[in-house]
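What the coordinates show
Residues per chain, in single letters:
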Amino acid sequence: QVQLVESGGGLVQAGASLRLSCAASGRTFSRDFMGWFRQAPGKERELVAGISWYGGITDYTESVKGRFTISRDNAKNTVFLQMNSLKPEDTAVYYCNTVDSTWRPFGSWGQGTQVTVSS
């Protein structure tokens, strides 16, 4: 059974950093595009960052450019999201998922990891 498990969230103050991890199990994801998404209370889930299977293509939503970095370790079947200079508006539940080449998600969602940024 394919499973994605997100971790690394927490409660931090504005300006702090967090590193999220997404561990995949059940099959190898080394040939999949992967994405990080987030959903804030009362808002729709949005793509935060995406990465191609070999890491050569990345994309970010405008609000996180220059602050967040997506990366992957295919040997460990893990995708990361380094988040620096966090802002209160980054507060959300963060999820990872497999995506197609247009960054649309098509896999099953995990439980996500909560990120809360206080001002």
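Whatever comes next refers back to the structure up there.
Sequence positions are assigned chain by chain, starting from 1 and proceeding in written order. Owing to the predicted nature of the model, reporting of local features is limited to residues with pLDDT of at least 70; listing and counting of side-chain atom pairs is limited to 80 or more, with chain, interface and lining totals taken over all residues. Values shown for side chains rest on all heavy atoms present in the structure; no hydrogens or waters enter the calculation.

Attention now goes to the nonpolar core. Remark: nonpolar core denotes a set of buried residues (Ala, Val, Leu, Ile, Met, Phe, Trp, Tyr, Cys) joined through side-chain atoms within 4.5 Å. In this scheme, a residue with accessible area under 20% of its type's maximum is buried, one over 50% is exposed, and one in between is partly exposed, where area comes from a 1.4 Å probe on protein chains only. By size, the foremost hydrophobic cluster in this structure holds 26 residues, and its most contacted members are Trp36, Phe68, Ile70, Leu81, Met83 and Tyr94. Helix and strand definitions here come from DSSP, where helices need a minimum of 4 consecutive H or I residues and strands a minimum of 2 consecutive E residues; each element is numbered from the N-terminal end. Broken down by secondary-structure element, the contributors of at least two residues to this core are strand S3 (18-25), strand S4 (33-39), strand S5 (46-51), strand S7 (68-73), strand S8 (78-83), strand S9 (92-99) and strand S10 (113-118). Broken down by element, this core gets its largest block of residues, four residues, from S3. Ignoring anything within four residues of it in the chain, the contact list for Phe68 reads Arg38, Val48, Tyr60, Leu81, Gln82, Met83, Asn84, Leu86, Asp90 and Tyr94. Should any heavy atoms of two residues lie within 4.5 Å, those residues are considered in contact.

For the rest of this paragraph, the subject is the state of the cysteines. Note that a disulfide, as used here, is simply two cysteine sulfur atoms within 2.5 Å. Using the criterion set out here, one finds one disulfide in the structure. In this model, Cys22 is linked to Cys96 through a disulfide, with the two sulfur atoms separated by 1.9 Å. Between Cys22 and Cys96, the disulfide has an S-S torsion of 60 degrees and is therefore right-handed. Pair noted here: Cys22 is in strand S3 and Cys96 is in strand S9, with a separation of 74 residues, a long-range link. Looking at Cys22, the relative accessible area reads 1%, which means it is buried.

Mapping Asn97 onto the fold places it in strand S9. Here Asn97 falls in the buried class, since its relative accessible area comes to 0%. Pairs of N or O atoms within 3.5 Å make up the polar contacts considered here, provided that, within protein, one atom can donate a hydrogen while the other can accept it, and that residues adjacent in sequence are counted only when both atoms are side-chain atoms. There is a polar contact of 3.3 Å between the side chain of Asn97 and the side chain of Thr98. Here Gly107 takes part through its backbone nitrogen, which lies 3.2 Å from a polar atom of the side chain of Asn97.

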